[in-house]
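Below, each chain spelled out in residue letters.
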Amino acid sequence: MTILNRCVPFQRDVNGITIAGAIGGSGQPLLLLHGYPQTHAMWHAIAPKLTEQFTVIAADLRGYGDSAKPADDPDHTPYSKRAMAADMVNLMTQFGFTRFFVVGHDRGARVTHRMCLDYPDRVVRAAVLDIVPTHYMYLTADREFATAYYHWFFLIQPAPLPETLIGADPDFWLRSKLAHWGRTPTAFTEEAVAEYLRCFRNPATIAASCADYRAAATIDLEHDEVDVRAGRKVDCPLLVLWGAQGFVGRKYNVLEVWRRYASNVQGHSVPGGHFLPEEAPTETLAALQAFLS
């Protein structure tokens with residue numbers, strides 16, 4: 001299902017699983033990747049305008065939305081950002097795109113970061129929204145970070161603890177996350193929230209999203225450490241945007257941090273909190289259009 005105007009739903013078999021999303025427009029290919037606890041529907045306010053310049057592919061990450069929820073394993077390999085990035089690169093290949101732009105928010109931005117490192121020949125330009133690298137956040141974790149991002153440490157607890165507690169009232173959990181991380185309550189349309197809830201009420205989505213965070217605290221850090229020790233950075237031009245009233249911009253010197261992990265970085269804040277494409281669609285769209293064009 002999609003609520004993106006000017007886009008049509010798709011389901012494709014990729015890496016042995018189904019990846020769902022929506023595609024529309026014409027022009028150079030642009031991959032949009034959502035964050036937690038949302039779906040590709042989070043791009044509803046800006047994707048229609050982007051289709052005027054680009055062929056937009058807004059995909060649900062494995063474990064989220066209407067994409068498949070493969071079983072996790074003890075090493076959390078199925079939910080590593082490396083596996084998620086491979087999904088999306090292969091998806092773009094299926095659509096006939098060997099090189100493309102990619103924009104990721106939150107979890108999707110972490111997949112974007114990994115994609116740029118693993119597939120430097122495929123990504124022309126990339127944008128990451130409201131994150132600094134996972135490796136840096138864990139490396140510098142302190143009380144302020146743990147208080148604001150307590151969910152990182154809750155979701156990585158062994159199953160079935162977080163799954164059971166969230167599953168008792170998934171609507172409350174999801175709505176509380178939108179309220180906690182956002183700074184613009186009117187930003188979330190009823191239609192979009194209904195779509196997030198439809199997908200997040202699925203116990204398999206809750207379990208998969210926990211696996212995503214468990215991977216971030218284990219196998220993803222191993223992959224990141226290999227790159228850091230090798231001096232490997234993101235080489236393509238990278239746009240970094242963050243919410244002016246959000247935690248990321250308050251806690252970190254965002255551009256300075258990213259310049260440790262990428263060679264060609266630019267960016268700035270936009271109004272609001274964590275959910276840039278919904279809280280500041282005009283400013284986010286303008287920044288993306290200027291950078292990608």
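Residues numbered from 1 in each chain as written. Predicted model: local features only at pLDDT ≥ 70, side-chain atom pairs only at ≥ 80, totals over all residues. Heavy atoms only, no water.

Ranked by internal contacts, the top residues of the largest apolar core, which has 106 residues, are Leu31, Trp43, Met115 and Trp258. Residue contacts for Trp258: discarding those within four places in its chain leaves His113, Val128, Ile131, Val132, Pro133, Leu238, Val240 and Val265. (Core = buried A, V, L, I, M, F, W, Y, C linked by side-chain atoms within 4.5 Å. Buried < 20%, exposed > 50% of the residue type's maximum accessible area, 1.4 Å probe, protein only. Contact = heavy atoms within 4.5 Å.)

Turning to the pairing of strand E4 (residues 54–59), a few remarks are in order. Regular strands place side chains that alternate from one sheet face to the opposite one. Most of E4 is tucked away, with six of its six residues classed as buried. Covered by surrounding structure in E4 are Phe54, Val56 and Ala58 together with Thr55, Ile57 and Ala59, the residues of both alternating faces. The pairing of strand E2 (residues 17–25) with E4 spans five bridges and is antiparallel. The residue bridging Gly24 from the neighbouring strand is Val56, located in E4. Relative to E4, strand E3 (residues 28–33) is paired through six bridges, and the arrangement is parallel. Across the sheet, Leu33 pairs through a bridge with Ala59, a residue of E4. (Helix = DSSP H or I, 4+ residues; strand = E, 2+ residues; numbered from the N terminus. Pairing = 2+ DSSP bridges.)

A few words now on the side chain of His76. In this fold, His76 is placed in the loop between E4 and helix H2 (81–94). In this structure the side chain of His76 is engaged in a polar contact, spanning 2.6 Å, whose partner is the side chain of Asp72. The contact partners of His76, leaving out residues within four places of it in the chain, are Ala211, Arg214, Ala215, Thr218 and Ile219. (Polar contact = N/O pair within 3.5 Å; in protein donor to acceptor, adjacent residues only side chain to side chain.)

As a further point, take the sheet that holds E3. Spatial ordering of the open sheet is given by E1-E2-E4-E3-E5-E6-E7-E8, a layout of eight strands whose pairing is mixed. What marks the edges here is a single partner per strand, and that holds for strand E1 (8–14) and strand E8 (265–270). Each strand axis lies, on average, 20° off the axis of its neighbour in the sheet, ignoring direction. Bridge analysis of E1 against E2 gives seven bridges, and the strand direction is antiparallel. Counted as the bridge partner of Asp13 is Thr18 from E2. Together, E3, strand E5 (100–105) and strand E6 (123–129) form the strand contacts of helix H3 (residues 107–118), whose direction differs from that of E5 by roughly 140°. Here helix H15 (residues 281–292) sits on the sheet in contact with E3, E4, E5, E6, strand E7 (238–243) and E8, set at roughly 170° to E7. (Axes fitted to C-alpha atoms, helices over the stretch in contact; angles between N-to-C directions.)

In this model, H15 (12 residues) spans 16 Å end to end at C-alpha, consistent with the 16 Å of a helix rising 1.5 Å per residue. Every buried residue of H15 is listed here: Thr284, Leu285, Ala287, Leu288, Phe291 and Leu292. Relative to the axis of H15, the buried residues are bounded by an arc of 165° and lie together on one face. In this structure, H15 carries Thr282 and Ala290 as exposed residues pointing more than 90 degrees from its buried face. (Expected span 1.5 Å × (residues − 1). Arc of directions from axis to C-beta.)

On the secondary structure map, Arg122 appears in the loop between H3 and E6. No salt bridge is formed by the buried Arg122; the nearest opposite charge belongs to Asp121, separated by 5.5 Å. Beyond its immediate stretch of four places on either side in the chain, Arg122 contacts Val89, Thr93, Phe97, Thr98, Arg99 and Phe100. (Lys, Arg positive; Asp, Glu negative; His and termini not counted. Salt bridge = Lys/Arg side-chain N within 4 Å of Asp/Glu carboxyl O.)

The next thing to look at is the layout of surface pockets. Where empty space is left can be seen by rolling a probe of water-molecule size over the atoms. Computed from the structure, the largest pocket encloses a volume of approximately 150 Å³. Those elements giving two or more residues to the lining of the largest pocket turn out to be H3, helix H4 (134–139) and helix H11 (219–230). (1 Å grid on protein atoms, 1.4 Å probe; cavity = no way out; pocket = protein on both sides within 12 Å on 5 of 7 lines; lining within 4 Å. Points joined across faces, edges and corners; volume = space filled by probe spheres on them.)

Let's shift gears to the packing of aromatic side chains. On inspection of all chains with the given rule, the structure shows 18 aromatic pairs. Ring geometry for Tyr36 against Tyr213: centres 5.1 Å apart, planes inclined by 80°, an arrangement best described as edge-to-face. Within this pair, whereas Tyr36 is found in the loop between E3 and helix H1 (47–50), its partner Tyr213 is found in helix H10 (residues 203–216), the two being separated by 177 residues in sequence. Of the two residues, Tyr36 and Tyr213, neither departs from the other in class, the shared state being buried. Ring plane angle 90° and centroid distance 6.1 Å describe the contact between Phe247 and Tyr252, whose orientation is recorded as edge-to-face. Each member of the aromatic cluster is reached from another via a ring pair, and the members are Tyr136, Tyr138, Phe145, Tyr149, Trp152, Phe153, Phe247 and Tyr252. (Phe/Tyr/Trp six-rings, centres within 6.5 Å; stacked < 30°, edge-to-face > 60°.)

Considering all chains together, one arrives at 18 salt bridges under this definition. For Asp212, the salt bridge identified is with Lys81, shortest N-O distance 2.9 Å. With Asp212 in helix H10 and Lys81 in helix H2, this residue pair connects regions lying 131 residues apart in the sequence. The same class applies to Asp212 as to Lys81, namely buried. Of the charged contacts in the structure, one is a salt bridge between Arg107 and Asp212, with a shortest N-O distance of 3.2 Å. Here Arg107 is found in helix H3, whereas its partner Asp212 is found in helix H10, with 105 residues between them in sequence. Residue class for Arg107 comes out buried when judged on its relative accessible area of 2%.

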